Structure formats: structure tokens, C-alpha cells
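# Reading the structure
One letter stands for each residue in the lines below.
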Amino acid sequence: MIEIPSPGTVVPETETSVIRRPVTDDESRRASRSWWDLDAVDYQAEHGAFLGDVDFVWCPEGLREADAHLLGDVRGKRVLELGAGAASGARWLEGQGADVVAMDLSVGMLRQARAGEERSGVRVPLVQADALALPFADSVFDVVCTAFGAIPFVSDSGAAMLEVARVLRPGGAWVFSITHPMRWIFWDEPDESGLIAKNSYFDRRPYVEVDEQGSPTYVEQHRTLGDRVRELVAAGFVLRDLIEPEWPAGHEQIWGQWSPLRGRLFPGTAIFVADLPSPPPTNAPRH
């Protein structure tokens, strides 16, 4: 699921303020669940046509798994989609012959997934759960993937990587897309004002919207490219590729801060393609 709201669009500006400060796992969890429960209907109304009911779209640049093949041949493979939202990607994967589970923290988004099932006639198992505590046994999936789900919204994304590694079989793939880290340098505006560097790339404090009581209502985390690589390596993954989709010619749709103006100058999305290596045979020669 592509989870990229324009900050402040749900709660009126008079009732919320934006700060940069550390948050706990529990604060992030509560904020994300509440935000997406409240925003699910509006989000789907705004972006559902772009995402489709049975399609896997990696990013606002419009890169589709049908063209990119980042997950490889999924026929007969057990696949988990994290942060699946309305689960259009999971339904597309089911159509490619995968055995798919779609998981999301928000029951509101999972209701949208049920509605998508009704429209498309394609059903996949839906699970409400937290990416930091996946309710699955060890080594049960061949592929774990997410398009803008889970990873930007948990305070300890390194722990989420470890959870993904735990449920993957040796030799499995972990592929996820996020907002390109360099985008945090700029304000989230699609026009010329979004071309001016305003923030430090190295400021890892999360973007936090709080209500009048100071409680977080929306939290999004920033990590540098190097941070993401180190998280993957620490969890035992090998990074196979890093995709930075270019803005395609003729694509004029604005999605929050994603726009043709900005997209033609610098990347808006980073897609990490990683593998969990198989252990060497026990009788392998030692050097």
C-alpha cells in the first residue's frame, strides 16, 4: 500500500501542530492506527483509481510490479504484504499464482480491502497486526513486500527488519519502497517552494503531528540511505538492488509532494531489493 498523506489534510490546522521529536513505539502505533482508521475512506476515494483494485503499484511515479519484476516469479510462493492497506497488491499477486497474506495495522484500511474484494471478486487472507510483532511462525514466507507500508511508520524500523527476517525462509526476498530519504531535505510541496532545501538530511527526528493535548496523531520516520542499508545488514539481509524510479514522460498526476516538477529533478521513491541468504551446507569445505 502507498501510505503517503499530505500532512495536516485530515485534522484542521487550528487543531493540530507539527513538531520534530522522538516518539515511542507505542505512540507511533497508536497514531498510525488512528490516522489510517480515520483516513481510510478518503484515502481510497482519492487514490483508489490510481492504485486499482487488482494491481501492484510501487510508488507515485507509477512503477508497477508487472513491469519491474522486483519480486521475481511468485508462482507457488508464500508471500506476505506488509502495510497492505486495501490489498490491491496482494490481490494482484494472488492472480500471479502466489499464496498471499495481506497484513495491515489499520482495521479501517482492511475494511477497504474487503470492499476491494467485493468489487474484484479476488479474495486473500487479511490480518490485522503490528509489523514489530508479526503473528507468524519462523521461516514461513518466501517473499515479504510492501509499497510504502509499515517501515516509515514504526519508531524502530531495525526491529521490523529483524521480524521480516524471522518469518522469511532462507533464500527469501524482502522488497520495500519508501519516500526517498533525500526528500526530507525539502518541504512537502509539489510546486517551486518544494525545491528549496530547508531541513538537515541528518536530522532523524520524526515528523509528528500532535493534537491540542500534545498527543501524536500522525508520525512518520526519517532514516538516511546508509541507515536503511545498515538496518538490512544487521538483520542478515544482502542488498541486491536500490531502485530510484525516474518520473515517466507524460505522467502529470500530482500526489501530495510528488509532482512532475520535483520528480524530474530528484527521486521521490527508493525501493530496496534484498535477499536473506541461505546458510551454506553443513558439509561445505572451509577455507
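Residues numbered from 1 in each chain as written. Predicted model: local features only at pLDDT ≥ 70, side-chain atom pairs only at ≥ 80, totals over all residues. Heavy atoms only, no water.

Our next topic: the side chain of Glu-163. Residue placement: Glu-163 occurs in helix H5 (residues 157-167). Contact partners of Glu-163, with chain neighbours within four places excluded, come to Ala-131, Leu-132, Ala-133 and Leu-134. (Helix = DSSP H or I, 4+ residues; strand = E, 2+ residues; numbered from the N terminus. Contact = heavy atoms within 4.5 Å.)

Let us look at a negative patch on the surface. On the surface, Asp-188, Glu-189, Asp-191 and Glu-192 cluster together into a patch of negative charge. Tracing the sequence through the fold places Asp-188 in the loop between strand S6 (168-179) and strand S7 (207-210). Asp-188 gets classed as partly exposed once you look at its relative accessible area, which sits at 35%. (Patch = residues over 30% accessible without salt bridge, like charges linked within 9 Å, V, L, I, M, F, W, Y side chains within 5 Å. Areas by Shrake-Rupley, 256 points an atom, 1.4 Å probe, with all protein chains shown as cover. Salt bridge = Lys/Arg side-chain N within 4 Å of Asp/Glu carboxyl O. Lys, Arg positive; Asp, Glu negative; His and termini not counted. Charge placed at Lys NZ, Arg CZ, Asp CG, Glu CD. Buried < 20%, exposed > 50% of the residue type's maximum accessible area, 1.4 Å probe, protein only.)

Turning our attention to the pattern of salt bridges. Enumeration according to the criterion identifies 22 salt bridges in this entry. For the salt bridge of Asp-227 with Arg-230, the shortest nitrogen-to-oxygen distance reads 3.0 Å. Placement of the pair is Asp-227 and Arg-230 together in helix H6 (residues 225-234), with a separation of three residues, close to one helical turn. A relative accessible area of 53% places Arg-230 in the exposed class. Its salt-bridge partner being Arg-240, residue Asp-275 comes within 2.8 Å of it at the nearest N-O pair. Of this pair, Asp-275 sits in strand S10 (residues 269-275) while Arg-240 sits in strand S9 (residues 238-243); the two residues are 35 residues apart in sequence, bridging distant segments of the chain. For Asp-275, a relative accessible area of 23% gives the class partly exposed. Three or more residues joined by partner-sharing salt bridges are found here, namely Asp-26, Arg-29, Arg-30 and Asp-130.

For the rest of this paragraph, the subject is empty space enclosed by the protein. Using the criterion set out here, one finds three cavities of 30 Å³ or more in the structure. Estimates place the volume of the largest cavity at around 210 Å³. Elements represented by at least two residues in the lining of the largest cavity include exactly helix H1 (25-51) and strand S3 (99-104). With five residues, the top contributor of residues to the lining of the largest cavity is H1. A class-by-class count of the residues in the lining of the largest cavity yields nine nonpolar, four polar and five charged. (1 Å grid on protein atoms, 1.4 Å probe; cavity = no way out; pocket = protein on both sides within 12 Å on 5 of 7 lines; lining within 4 Å. Points joined across faces, edges and corners; volume = space filled by probe spheres on them. Nonpolar A, V, L, I, M, F, W, Y, C, P; charged D, E, K, R; others polar.)

Glancing now at the side chain of Arg-183. Looking at where Arg-183 falls in the secondary structure, it is placed in the loop between S6 and S7. For Arg-183, which is buried and forms no salt bridge, the nearest opposite charge comes from Glu-61, at a distance of 5.0 Å. Other than its neighbours up to four places away in sequence, Arg-183 contacts Gln-257, Trp-258, Arg-262, Gly-263, Phe-266, Pro-267 and Gly-268.

A few words now on the nonpolar core. Residues Phe-56, Trp-58, Leu-71 and Leu-93 are the most contacted members of the largest nonpolar core, which totals 43 residues. At the level of elements, H1, helix H3 (88-95), S3, helix H4 (107-120), strand S5 (141-147), S6 and S10 are the ones that each hand at least two residues to this core. It is H1 that provides the largest number of residues to this core, a total of six residues. (Core = buried A, V, L, I, M, F, W, Y, C linked by side-chain atoms within 4.5 Å.)

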